[in-house]
Amino acid sequence: MQRINGTMIASYYACKRELWYMAHQITPDQDNPFLDLGRLVEEESYQEEKKKFLIGDVLIDIVRSEEGKLIVGEIKKSSRSKRSGIMQLYFYLWYLKERGVKARGEVLFPREKRKIPLVLNRAIEEELKRAMREIELIIAQEVPPRREKIPLCTPCAFRDFCFA
Ligand code: SF4
């Protein structure tokens, strides 16, 4: 069984079919311009901050301290994927807490000059545990979940796999 990571959590909340593709090492279309845009936003934003921290199994975009408190950040190119970004970052906060590290989070949308602060709570932890159980069931399936036309299909790099 694969270990659940932040990308899987984000995919689960964005599209369960995308989650299955990624867990089965199906490579998305690397020429998709939205992938390039996402990389560019991540590379060009918050250059003054330290970026990309591998902590155990998770790769966190930004880690900084503020008044003695640890803040971890996740950069997203657009708030179209707001919910998945929020749950991905909650997963990182939970992951750190499980290892004795207390932190707060910020989901960052540099193109929109916007950030969403996050503090982990018991209800979110329960939701994450429920999601992780369902993720295990989804990736154990032999075929992907049914496709559904959703707004995220437009920029999705897996679009040709679903709608060609
Ligand atoms: S094209 Fe749509 S259904 Fe297919 S993986 Fe992407 S978001 Fe999911």
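Residues numbered from 1 in each chain as written. Predicted model: local features only at pLDDT ≥ 70, side-chain atom pairs only at ≥ 80, totals over all residues. Heavy atoms only, no water.

The protein chain is annotated in an unreviewed UniProt entry as CRISPR-associated exonuclease Cas4 of Thermatribacter velox. The UniProt entry for the protein chain carries this comment under Sequence similarities (unreviewed entry): "Belongs to the CRISPR-associated exonuclease Cas4 family." (UniProt positions renumbered as here; feature names shortened; annotations may be inferred.)

Novice: Please provide a residue-by-residue account of the nonpolar core, values included.
Specialist: Side chains that are nonpolar tend, in soluble globular proteins, to be buried together. Counting residues in hydrophobic clusters, the biggest one holds 39 residues, and the most contacted among them are Ile-9, Met-87, Tyr-90, Phe-91, Leu-118 and Leu-128. Counting residues per element, this core draws most heavily on helix H4 (residues 82-98), at ten residues. Leu-128 has contacts with Ile-9, Met-87, Tyr-90, Phe-91, Trp-94 and Leu-120, leaving out every residue within four places of it along the chain. (Core = buried A, V, L, I, M, F, W, Y, C linked by side-chain atoms within 4.5 Å. Buried < 20%, exposed > 50% of the residue type's maximum accessible area, 1.4 Å probe, protein only. Helix = DSSP H or I, 4+ residues; strand = E, 2+ residues; numbered from the N terminus. Contact = heavy atoms within 4.5 Å.)

Novice: Any details on the pairing of strand S4 (residues 104-109)? Residues and values, ideally.
Specialist: Most of S4 is tucked away, with five of its six residues classed as buried. Where strand S3 (residues 69-75) and S4 come together, five bridges link them in parallel fashion. Following the sheet pairing, Ile-71 is matched in S4 by Arg-104. Of the crossover connections in this fold, the one passing from S3 over H4 to the parallel S4 is right-handed. (Pairing = 2+ DSSP bridges. Right-handed = clockwise from strand over helix to strand, strands pointing away.)

Novice: How would you sum up the site of the ligand? Please name residues and give values.
Specialist: As a matter of local geometry, the ligand sits amid Cys-15, Glu-18, Tyr-21, Glu-148, Ile-150, Cys-153, Cys-156, Phe-158, Arg-159, Cys-162 and Phe-163. Only helix H2 (16-23) and helix H6 (159-163) provide two or more residues apiece to the shell around the ligand. Counted by class, the shell around the ligand contains eight nonpolar, no polar and three charged residues. (Near = heavy atom within 4 Å. Nonpolar A, V, L, I, M, F, W, Y, C, P; charged D, E, K, R; others polar.)

Novice: Report on the packing of aromatic side chains, specifying residues and quantitative values.
Specialist: Tallied over the entire structure, the rule returns eight aromatic pairs. A centroid spacing of 4.9 Å and a plane angle of 90° characterise the contact between Tyr-12 and Tyr-13, whose relative ring orientation is edge-to-face. For the pair Tyr-12 and Tyr-13, one class covers both residues: buried. With a centroid separation of 6.3 Å and 70° between ring planes, the pair formed by Trp-20 and Tyr-21 is classed as edge-to-face. We classify Trp-20 as buried; its relative accessible area is 8%. Note on Tyr-21: relative accessible area 4%, which makes it buried. (Phe/Tyr/Trp six-rings, centres within 6.5 Å; stacked < 30°, edge-to-face > 60°.)

Novice: Please provide a residue-by-residue account of the packing of helix H1 (residues 6-14) against helix H5 (residues 122-140), values included.
Specialist: Between H1 and H5, whose axes approach to 10 Å, the crossing angle comes to 85°. With respect to H5, the axis of H1 lies roughly perpendicular. Only Glu-127, Leu-128, Arg-130, Ala-131, Met-132, Glu-134, Ile-135 and Ile-138 of H5 make contact with H1, whose side of the interface consists of Met-8, Ile-9, Tyr-12 and Tyr-13. When the residues that make up the contact of H1 with H5 are grouped by side-chain class, the tally is nine nonpolar, no polar and three charged. (Axes fitted to C-alpha atoms, helices over the stretch in contact; angles between N-to-C directions. Parallel < 35°, antiparallel > 145°, perpendicular 65-115°, else oblique.)

Novice: Provide a residue-level description of the pattern of salt bridges, including the pertinent values.
Specialist: This structure, assessed with the given rule, holds nine salt bridges. With its nearest N and O atoms 2.8 Å apart, the salt bridge here joins Arg-64 to Glu-106. Separated by 42 residues along the polypeptide, Arg-64 in strand S2 (residues 58-66) and Glu-106 in strand S4 bring together distant segments of the chain. Accessibility expressed as a relative area gives 11% for Glu-106, which makes it buried. Its salt-bridge partner being Lys-115, residue Glu-106 comes within 3.6 Å of it at the nearest N-O pair. Each of the salt bridges in this network shares a partner with another, and the network as a whole consists of Arg-64, Glu-66, Glu-106 and Lys-115. (Salt bridge = Lys/Arg side-chain N within 4 Å of Asp/Glu carboxyl O.)

Novice: Tell me about unusual backbone geometry, and name the residues and values.
Specialist: Not every positive phi belongs to a glycine, and Glu-67 is a case in point at roughly 50°. Residue position: Glu-67 is located in the loop between S2 and S3. Not every positive phi belongs to a glycine, and Lys-113 is a case in point at roughly 50°. Locating Lys-113 in the fold gives a position in the loop between S4 and strand S5 (114-118).

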